[in-house]
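# Per-entry structural report
Spelled out from the first residue to the last, the chains are:
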Amino acid sequence: MNSKFSARTITITAALSAVAVVLGATQWGFIPVPTPAGHATIMHVPVIIGAILEGPTAGAIIGGVFGLYSFLDATLPMFKDPLVAVLPRLFIGPFAYYAYLFTRRWGEAVASGVAAAVGTLTNTVLVLSMIVIRGYLDAKTAWAVGVTHGLPEIVVAVLITVPVVLMWKQVEFGRGRARL
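Below or above, wherever it landed, is the structure these notes cover.

### Brief notes about the overall build of the chain
Looking only at helices and strands, one finds seven helices and two strands in the chain. Each helix (α) and strand (β) of the chain, taken in turn from the N terminus, gives the series α-β-β-α-α-α-α-α-α. Against the globule reference of 16 Å for 180 residues, the chain gives a C-alpha radius of gyration of 16 Å, in line with a compact fold. For the chain, the spread of C-alpha atoms along the three principal axes comes to 50 × 40 × 30 Å. The 180 residues of the chain split such that 47% are buried. Long-range contacts, defined here as pairs at least 24 residues apart, represent 64% of the contacts in the chain between residues at least 6 apart. As displayed, the chain offers around 9,300 Å² of accessible surface, 72% of which is attributable to carbon and sulfur atoms. Across the chain, the centroid of the 12 positively charged side chains sits 8 Å from that of the 7 negatively charged ones.

See below:
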């Protein structure tokens, strides 16, 4: 049987999907920050890490799990809409993966940081765009939310993603062999 996914890819995808659910279920996925929102989410970070490690399809699957959890656990009406809660999350992994791929020549740290920033922006921009398109918020309010949420979330995502990916690459390829 010829399968597109290796046992490793399936395992990492399942494990990071579970991490995304645990982050939401325990509220550990929300980091307090001094913004009007009061927190930055890191629930999208497993999606980014999975995409970097296993590719865009694995990232899309993890993003789908994140989106489905967000939809099923929603308390706000806008997140009870699957076009807001699920659809945009499918794109986090692929966008992060290709950002990583195109910047890898500058080293793992830079590529992982760029992927974290792009993945976070993908989540923020696409979710808020769907919120505006579906009529839950006006564009001006969405823009304000995007700035107050998006910037701290980029910082937090980069601070988590870069060391996790670098450590994984060092374990995977042997100490010192990953291009930092």
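Once the structure has been displayed, the description carries forward.
### Quick word on helix 5 (residues 92–103)
Since the α-helix packs 3.6 residues into each turn, any two residues three or four apart lie on the same face. Given a rise of 1.5 Å per residue, twelve residues ought to cover 16 Å, and the 17 Å separating the end C-alpha atoms of helix 5 matches this to within 8%. Burial in helix 5 covers these residues: Ile92, Gly93, Pro94, Ala96, Tyr97, Ala99, Tyr100 and Thr103.

### With respect to the nonpolar core
Ranked by size, the top nonpolar core spans 25 residues in total, and within it Ile48, Ile49, Ile52, Phe66 and Ala115 carry the most contacts. Secondary structure elements with two or more residues in this core: helix 1 (7–26), helix 2 (45–54), helix 3 (56–72), helix 5, helix 6 (108–133) and helix 7 (139–173). With six residues, helix 2 is the single largest residue contributor to this core. If you look at the next biggest cluster of nonpolar residues, it comprises eleven residues, including Met78, Phe79, Val84 and Ala142.

### Focus on the packing of aromatic side chains
Applying the stated criterion across every chain, the model contains three aromatic pairs. Through pairs of rings, three or more aromatic residues link up here, namely Tyr97, Tyr98 and Phe102.

### Some thoughts on the pattern of salt bridges
Under the defined criterion, the tally for this structure stands at three salt bridges. Residue arginine 8 is joined to glutamate 54 by a salt bridge in which the shortest nitrogen-to-oxygen separation is 2.5 Å. Taken together, the positions of arginine 8 in helix 1 and glutamate 54 in helix 2 put the pair 46 residues apart, joining distant regions of the chain. Its relative accessible area of 32% is what places arginine 8 among the partly exposed residues. The shortest N-O distance in the salt bridge between arginine 134 and aspartate 81 comes to 2.6 Å. Of this pair, arginine 134 sits in the loop between helix 6 and helix 7 while aspartate 81 is found in the loop between helix 3 and helix 4 (82–85), placing the two residues 53 residues apart along the sequence.

### Some remarks on the side chain of threonine 13
Within the fold, threonine 13 resides in helix 1. Threonine 13 sits in the buried class, given a relative accessible area of 9%.

### Quick look at the packing of helix 1 against helix 2
At a closest axis distance of 9 Å, the pairing of helix 1 and helix 2 adopts a crossing angle of 170°. Taken together, the axes of helix 1 and helix 2 lie roughly antiparallel to each other. The segment helix 1 lies against helix 2, with Arg8, Thr9, Ile12, Leu16, Val19, Ala20 and Leu23 engaging Pro46, Ile49, Gly50, Leu53 and Glu54.

### Focus: the environment of alanine 58
Mapped onto the fold, alanine 58 is located in helix 3. Taking the C-alpha atoms as reference points, alanine 58 and phenylalanine 5, separated by 53 residues in sequence, lie 8.9 Å from one another. The residues touching alanine 58, leaving out its near neighbours within four places in the chain, are Thr9, Thr13 and Gly50.

### What to know about the environment of leucine 151
Within the fold, leucine 151 resides in helix 7. With relative accessibility at 53%, the residue leucine 151 sits in the exposed group. Measuring from C-alpha to C-alpha, the distance between leucine 151 and alanine 111 comes to 18 Å, with 40 residues separating the pair along the chain.

What counts as what
- Residues numbered from 1 in each chain as written.
- Predicted model: local features only at pLDDT ≥ 70, side-chain atom pairs only at ≥ 80, totals over all residues.
- Heavy atoms only, no water.
- Helix = DSSP H or I, 4+ residues; strand = E, 2+ residues; numbered from the N terminus.
- Rg over C-alpha atoms; globule rule 2.2 N^0.38 Å.
- Buried < 20%, exposed > 50% of the residue type's maximum accessible area, 1.4 Å probe, protein only.
- Contact = heavy atoms within 4.5 Å.
- Areas by Shrake-Rupley, 256 points an atom, 1.4 Å probe, with all protein chains shown as cover.
- Lys, Arg positive; Asp, Glu negative; His and termini not counted.
- Charge placed at Lys NZ, Arg CZ, Asp CG, Glu CD.
- Expected span 1.5 Å × (residues − 1).
- Core = buried A, V, L, I, M, F, W, Y, C linked by side-chain atoms within 4.5 Å.
- Phe/Tyr/Trp six-rings, centres within 6.5 Å; stacked < 30°, edge-to-face > 60°.
- Salt bridge = Lys/Arg side-chain N within 4 Å of Asp/Glu carboxyl O.
- Axes fitted to C-alpha atoms, helices over the stretch in contact; angles between N-to-C directions.
- Parallel < 35°, antiparallel > 145°, perpendicular 65-115°, else oblique.

Function-wise, these values are silent; they only describe arrangement.
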